Amino acid sequence: MKFKTFLAGCLGGLLSLNSCTNSPDMTDYTAYVNPFIGTGGHGHTFPGAIVPHGMISPSPDTRIDGWDACSGYYYADSTINGFSHTHLSGTGCCDYGDVLLMPTVGEQKYLPTGSQSQQMAYASAFSHQNETAEPGYYSVFLDTYQVKAELTASKRAAIHRYTFPESKEAGFILDLDYSLQRQTNKEMEIEVISPTEICGRKKTMYWAFDQYINFYAKFSKPFTYTLVTDSMALDDGGRLLPTCKALLHFDTTKDEQVFVKVGISAVDIEGARKNVETEIPDWDFDGVRKDARKAWNETLSKIDITTNNKDDKTIFYTALYHTAISPNLFTDVDGRYLGMDLQVHQGDTLNPMYTIFSLWDTFRALHPLMTIIDPDLNNAFIRSLIKKHQEGGIFPMWDMASNYTGTMIGYHAVPVIVDAYMKGDRNFDIQEAYRACVRAAEYDTTGIKCPDLVLPHLMPKAKYYKNSIGYVPCDRENESVAKALEYAYDDWCISVFADALNDYDTRDKYARFAKAYEFYFDPETRFMRGLDSKGEWRTPFNPRSSTHRNDDYCEGTAWQWTWFVPHDIEGLVKLMGGEDAFVGKLDSLFTADSSLEGETTSSDISGLIGQYAHGNEPSHHVIHMYNYVNRPWRTQELVDSVYRSQYANAVDGLSGNEDCGQMSAWYVLNSMGFYQVCPGKPIYSIGRPAFDKAVVNLPDGKKFTVIAKNNSKKNKYIKSMTLNGKPLDKPFFTHDDIIAGSTLEIEMTDRRTQP
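Residues numbered from 1 in each chain as written. Predicted model: local features only at pLDDT ≥ 70, side-chain atom pairs only at ≥ 80, totals over all residues. Heavy atoms only, no water.

A. Representation of the packing of helix α8 (residues 413-422) against helix α12 (residues 480-500) in the model. As a packed pair, α8 and α12 sit with axes 9 Å apart at the nearest point and diverge in direction by 35°. Note that α8 runs across α12; the crossing there is left-handed. On α12, the residues that touch V414, P415, I417, V418, Y421 and M422 of α8 are Y489, D490, C493, I494, V496, F497 and A500. In the contact of α8 with α12, the residues fall into twelve nonpolar, no polar and one charged. (Axes fitted to C-alpha atoms, helices over the stretch in contact; angles between N-to-C directions. Helix = DSSP H or I, 4+ residues; strand = E, 2+ residues; numbered from the N terminus. Left-handed = near helix turned anticlockwise from the far one by under 90°. Contact = heavy atoms within 4.5 Å. Nonpolar A, V, L, I, M, F, W, Y, C, P; charged D, E, K, R; others polar.)

In structure tokens, the structure reads:
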């Protein structure tokens, strides 16, 4: 792996750019990014090439099946199956891995290796010592074939560069039937157009029930070919599966470079061809790589930090990098896109559609971060969500290639929209957004265009119960407590939206719903618990019990979910018996035994500090609750603890799934010194700044600056604060303070400071 060697020679103060950049006066922020962070452990990131929010992501695939194949790449592996062009970043569910390309030298092996094998027959050994990754570029030497592979990308197209040895048996395998997790191929077609062009299409069924992918590939060197389309079984005597591969053949001289350009589209093959011909008209690999780096530098330059710690700088800019991978562009260069109704629509490239909305994760920190550093792009995401509501009948919960997956819980497009609105970012159809928010909170299965198997998850009966009887009975609905708590928060967001639009009846109705969390609090155990249809607590009860996706909680336990009342912390404090009682209970969260109990405990409950689980999203706001009960030093020391224990400049440097930017957005915000506990309330809670200085370069040219004086690893507590020179007595400030271009100065100390 070349990243560390490359980084060591570049870090320091401001950097001059090398030949891949435009101006010697600019900082090369990409030099601080380590794309291998999260490729080990269970981070599920990928190291391949992508531009910010790009449609295409050529990246190596090292394994096929299992949880740690979610991105296709796992650092512990020693073989590469090839380079596919679509990948998810940091998810806990797997899909994609489309249109795999692999260079070969010698006999081309392609027969199945068995359903239990992680390697394709044509896989190659590789070493991390011969592997390099940086934003927008990836390279590896394939030991089996003695071929150097290099990848880079534009928004909608990729270009590959392969350096071959001398051979009479060089070539490529283009594997269309391949996909991560061996998805069901419902339709497949491949066509050799000319001695240098191949196109094809397929429809797969897996996490996304109807995922369409079209591709067009152009090669710099003519080839002869063999098409393999006979059905094959993975195992002897097994079910025959459709096969669709192109075996390409040509001669090469020593160190001959062969280029491949690939465009993809969810619309049709013509869209894929236009995408690549428009964005990569020539064979200028280095030019595309240069443009990708420029795009990443523009994104990463939105925040400047000052620190002498090289690892901390790498962690920060890699986190910022991971926040800009998804949502992904989904509109072709001609403006067409595949809608949530799975029909082709004519849009425009100035107002494009996006996909991959992991909203259960990203409403918490990613979208709030976007309201600060790129509110226009966040508005574009919101316009996409509104359009998806119009085309499919409701907001998606987890949109995957314009497919409703029904994954996770809640209706968290609502807080994304309401948070932007309350911050004054309103470049979207407000009335349509409002109607869509209310629609998402109602139980109504009509007019929704999704597979029958998805509908009960996309429109669970839990909404009917919470609207009709006021709570979600645990004997009638799975994950009842988690759903109910998230519904209460989402409904609070709707009440805020309604109030802003002078719809007072709706405001009052949803404000009542927002108080429903009170039903689930058991004053005896002092946990949120399942309540059955007779109004009785579920028994037996164990706050450390976890049965993954099949209990009263969602990827968590009563320990983690009891605190999900971000919209009414004051009310939760009252339920628990006041500030002292609340603090006592909250303290116990971080000191409790970290063990979990149950036969199928959730792997998502990770990054444990006591029973606080930083590796999954329900805990992400909890540490800042201490600020609301006059114990800011606890927020400060615990945020510091999370920095040190949950993030690292290492392949296993994330404590859980990266989750499409959420895990990284938590770090970006907190390391600058603040976090938004409740999206929808434009108020930020001050924690423990990690850097001597952080400057947010706001879109209008203003700067929001956080300065930490006397900052060190030892000095993790705040002694005093000023905002624009005026003393700040409470650890909070507003979004208006940010967009005004304020300066927050914080003096650090090694001792707790009483408020």
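B. Representation of the confidence of the model for the protein chain in the model. Here the protein chain averages 95 in pLDDT, and 97% of its residues register 70 or above. Long-range and interchain partners of residues 1-24, a stretch whose pLDDT sits below 50, account for 54 contacts in this model, where long-range means more than four residues apart. (pLDDT = per-residue confidence, 0-100.)

C. Region of interest: the domain arrangement of the protein chain. Per the domain assignment, the segments of the protein chain are domain 1 (33-301), domain 2 (304-331 + 622-754), domain 3 (348-459) and domain 4 (470-619). Between the C-alpha centres of domain 2 and domain 4 there is a distance of 26 Å. Taken together, the contact pairs 27 residues of domain 2 with 29 residues of domain 4. Across the salt bridge formed by R634 and D587, the nearest N and O atoms sit 3.3 Å from each other. Summed over the shared surface of domain 2 and domain 4, the number is eleven residue pairs in polar contact (both at pLDDT 80 or more). For the side of domain 2 that touches domain 4, the secondary structure elements donating two or more residues are α17 (632-646) and α18 (662-672). Here the side of domain 2 that touches domain 4 takes six residues from α17, the largest share from any one element. (Domains from an automatic or database assignment. Salt bridge = Lys/Arg side-chain N within 4 Å of Asp/Glu carboxyl O. Polar contact = N/O pair within 3.5 Å; in protein donor to acceptor, adjacent residues only side chain to side chain.)

D. Seen up close, the nonpolar core. Core analysis: the biggest nonpolar cluster contains 208 residues, and F83, Y162, F172, I198, F316, F590 and F674 have the highest contact counts within it. If you tally residues by element for this core, the top one is α12, at twelve residues. In contact with F590, not counting residues within four places along its chain, are I609, G610, Y612, V622, I623, Y626, R634 and L638. Counting eleven residues, the second-largest nonpolar core is a separate cluster that includes I159, A272, V276 and F285. (Core = buried A, V, L, I, M, F, W, Y, C linked by side-chain atoms within 4.5 Å. Buried < 20%, exposed > 50% of the residue type's maximum accessible area, 1.4 Å probe, protein only.)

E. Quick peek at the UniProt feature "domain: Glycosyl hydrolase family 92 N-terminal" (unreviewed entry) in the protein chain. As recorded in UniProt, the sites labelled "domain: Glycosyl hydrolase family 92 N-terminal" (unreviewed entry) are residues 32-265. Between the end C-alpha atoms of residues 32-265 there is a gap of 32 Å, over a span that is 0% helix and 45% strand. (UniProt positions renumbered as here; feature names shortened; annotations may be inferred.)

F. Spatial organisation of the environment of D587. Looking at where D587 falls in the secondary structure, it is placed in helix α16 (residues 579-591). The exposure class assigned to D587 is partly exposed, which follows from its relative accessible area of 26%. The spatial distance from the C-alpha of D587 to the C-alpha of D659 is 27 Å, given a sequence separation of 72 residues. In this structure the side chain of D587 is engaged in a polar contact, spanning 2.5 Å, whose partner is the side chain of Y626.

G. Molecular detail of the pairing of strand β17 (residues 245-252). Of all eight residues that make up β17, six are buried, and the element is covered over most of its length. One ladder, built from seven bridges, connects strand β10 (residues 167-175) with β17; its direction is antiparallel. In the strand pairing of β17, I173 is matched with L247. Of the strand pairs in this sheet, strand β14 (residues 224-228) and β17 are connected by five bridges, and their pairing is antiparallel. Note that in β17 the partner of T224 across the bridge is H249. (Pairing = 2+ DSSP bridges.)

H. Layout of the sheet that holds strand β31 (residues 683-686). Here we have three strands laid out as an open sheet, ordered β30-β31-β36, and antiparallel in their pairing. For this open sheet the edge positions go to β30 (674-675) and β36 (732-734), each flanked by a neighbour on one side alone. Both β30 and β31 contribute to a ladder of two bridges, which runs antiparallel. Opposite Y675, over in β31, you have S685 as the bridge partner.

I. Spatial organisation of the pattern of salt bridges. The final tally for this structure, using the stated rule, is 47 salt bridges. In this structure, D28 engages R293 in a salt bridge whose closest nitrogen and oxygen atoms are separated by 3.4 Å. Residue D28 is found in the loop between α1 (3-8) and β1 (59-61), and its partner R293 is found in helix α3 (residues 285-300); the two are separated by 265 residues along the sequence. In this pair, the class of D28 matches that of R293, namely buried.

J. Highlighting the sheet that holds strand β8 (residues 147-153). Read across the open sheet, the eight strands follow the order β6-β7-β8-β9-β18-β13-β12-β11; overall the sheet is antiparallel. Two strands lie at the open edges of the sheet, namely β6 (131-134) and β11 (184-194), each paired on one side alone. Each strand axis lies, on average, 15° off the axis of its neighbour in the sheet, ignoring direction. Direction of pairing for β6 relative to strand β7 (residues 137-142): antiparallel, over a ladder of four bridges. Looking across to β7, one finds that E134 is bridged to Y137. Relative to the sheet, α3 contacts β6, β7, β8, β9 (157-164) and β18 (256-265), its axis offset from that of β8 by approximately 50°.

K. Inspection of the packing of α3 against helix α4 (residues 310-322) at higher detail. α4 packs onto α3 with a crossing angle of 105° between their chain directions and a minimal axis gap of 10 Å. Judged by the angle between their axes, α3 and α4 are roughly perpendicular. Side by side, α3 and α4 meet where W296, T299 and L300 of the first sit next to Y317, L320 and Y321 of the second. Of the residues assigned to the contact of α3 with α4, the class counts are five nonpolar, one polar and no charged. (Parallel < 35°, antiparallel > 145°, perpendicular 65-115°, else oblique.)

L. Geometry of the packing of aromatic side chains. All chains considered together, the criterion is met by 45 aromatic pairs. Taken together, a centroid distance of 5.3 Å and an interplanar angle of 90° make the contact between Y510 and F513 edge-to-face. With Y510 and F513 both in helix α13 (residues 504-513) and three residues apart, the pair spans about one turn of that helix. With respect to burial, Y510 and F513 carry one shared label: buried. An angle of 50° between the planes, with centres 6.3 Å apart, marks the rings of W666 and Y675 as tilted. For W666, a relative accessible area of 0% puts it in the buried group. Residue class for Y675 comes out buried when judged on its relative accessible area of 1%. An aromatic cluster of three or more residues is present, and its members are F83, Y162, F164, F172, F219, F223 and F250. (Phe/Tyr/Trp six-rings, centres within 6.5 Å; stacked < 30°, edge-to-face > 60°.)

M. Spatial organisation of the UniProt feature "domain: Glycosyl hydrolase family" (unreviewed entry) in the protein chain. Mapped onto this structure's residue numbering, the UniProt feature "domain: Glycosyl hydrolase family" (unreviewed entry) falls at residues 271-749. The span residues 271-749 is 39% helix and 13% strand, and its two end C-alpha atoms sit 58 Å from each other.

N. Structural context of unusual backbone geometry. With an omega of 0°, the peptide bond between S326 and P327 qualifies as cis. One can find P327 in the loop between α4 and β20 (328-329). In this model, T539 is joined to P540 through a cis peptide bond whose omega is -5°. Structurally, the position occupied by P540 is in the loop between β27 (527-528) and α14 (558-561). One non-glycine residue with positive phi stands out, namely V99, at about 60°. Here V99 is to be found in the loop between β3 (82-84) and β4 (100-105).

O. Spotlight on α3. Helix length check: α3, at 16 residues, gives a terminal C-alpha distance of 23 Å against a target of 22 Å (1.5 Å per residue), a fit within 8%. Here α3 has its buried residues at F285, G287, V288, R289, A292, R293, W296, N297, T299 and L300. (Expected span 1.5 Å × (residues − 1).)

P. Structural context of the side chain of S655. By the element assignment, S655 lies in the loop between α17 and α18. Separated by 3.0 Å, the side chains of S655 and Q646 make a polar contact. When residues no more than four places from it in sequence are discounted, the contact partners of S655 are S606, G607, H614, G615 and Q646.

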